[in-house]
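As a plain string of letters, each chain reads:
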Amino acid sequence: MKQLLLALSFILIFTGCSIKKEPHKKDLESEMDRVIQYKLNAVEKEHADQVNQWLAKARETGKVGQYFIYNEGTNTDNLYSYIYRKGYADYEVSFIYDPSDPSNKGQVHVTGMKEDLKNDHFVQIKTINDLSILFVLSDESIKSKLKNK
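Predicted model only: the values in this text are computed from it and were never measured.

### Remarks on the packing of aromatic side chains
Using the criterion set out here, one finds four aromatic pairs in the structure. Judged by centre distance (6.1 Å) and plane angle (35°), the ring pair of F68 and Y84 falls under tilted. Taken as a pair, F68 in strand β2 (residues 67-72) and Y84 in strand β3 (residues 78-85) lie far apart in primary sequence, 16 residues in all. Seen in terms of ring centroids, Y70 and Y82 are 6.4 Å apart; in terms of plane orientation they differ by 35°. Their pairing is tilted. Of the two residues, Y70 sits in strand β2 while Y82 sits in strand β3, which places them twelve residues apart along the sequence. Neither residue differs from the other here; Y70 and Y82 are each classed as buried.

Below is the structure:
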């Protein structure tokens, strides 16, 4: 009987150890989703009225190639930035982080990429609300800047 209990104890201990889950490994993509996300023509429901008014005014008054930016959520954990470049239908959005610069948590580099005067679009960018993240609106894409170096 003692041998049977000893054997059952060993099996339970062994089984208990094998059921233990490994800690979830974080990957770069899921971690970056906490820092930055972007979508073409997306508007948060609570921002819809303000963004639609802002966008209508930008489309009416802007010149082709001119950038417009609207920020919402300055009192929350996330900042929503809506960026529109008149006459452009697609955007390149890049997040640049330089760990050697402690005063800057990163840059969001935005470039209007596909010119389309009839069907232009805007991009919604959701970032953590951190004043040290800088937005750079550019005529040149990151890809072309890297090729020229």
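### Some remarks on the nonpolar core
In this structure, W54, Y82, Y84, Y91, V93, V108 and I125 are the most contacted members of the largest nonpolar core, which totals 21 residues. Broken down by secondary-structure element, the contributors of at least two residues to this core are α3 (48-61), β2, β3, β4 (88-96), β5 (106-115) and β6 (122-128). Discounting chain neighbours no more than four positions away, the residues touching W54 are F68, I69, Y70, Y82, I83 and Y84.

### Notes on the side chain of H109
Mapped onto the elements of the fold, H109 is located in strand β5. Side-chain polar atoms of H109 contact the side chain of K145, separated by 3.5 Å. Other than its neighbours up to four places away in sequence, H109 contacts E92, V93, S94, I96, V136, S138, E140, S141, I142 and K145.

Cut-offs applied
- Residues numbered from 1 in each chain as written.
- Predicted model: local features only at pLDDT ≥ 70, side-chain atom pairs only at ≥ 80, totals over all residues.
- Heavy atoms only, no water.
- Phe/Tyr/Trp six-rings, centres within 6.5 Å; stacked < 30°, edge-to-face > 60°.
- Helix = DSSP H or I, 4+ residues; strand = E, 2+ residues; numbered from the N terminus.
- Buried < 20%, exposed > 50% of the residue type's maximum accessible area, 1.4 Å probe, protein only.
- Core = buried A, V, L, I, M, F, W, Y, C linked by side-chain atoms within 4.5 Å.
- Contact = heavy atoms within 4.5 Å.
- Polar contact = N/O pair within 3.5 Å; in protein donor to acceptor, adjacent residues only side chain to side chain.

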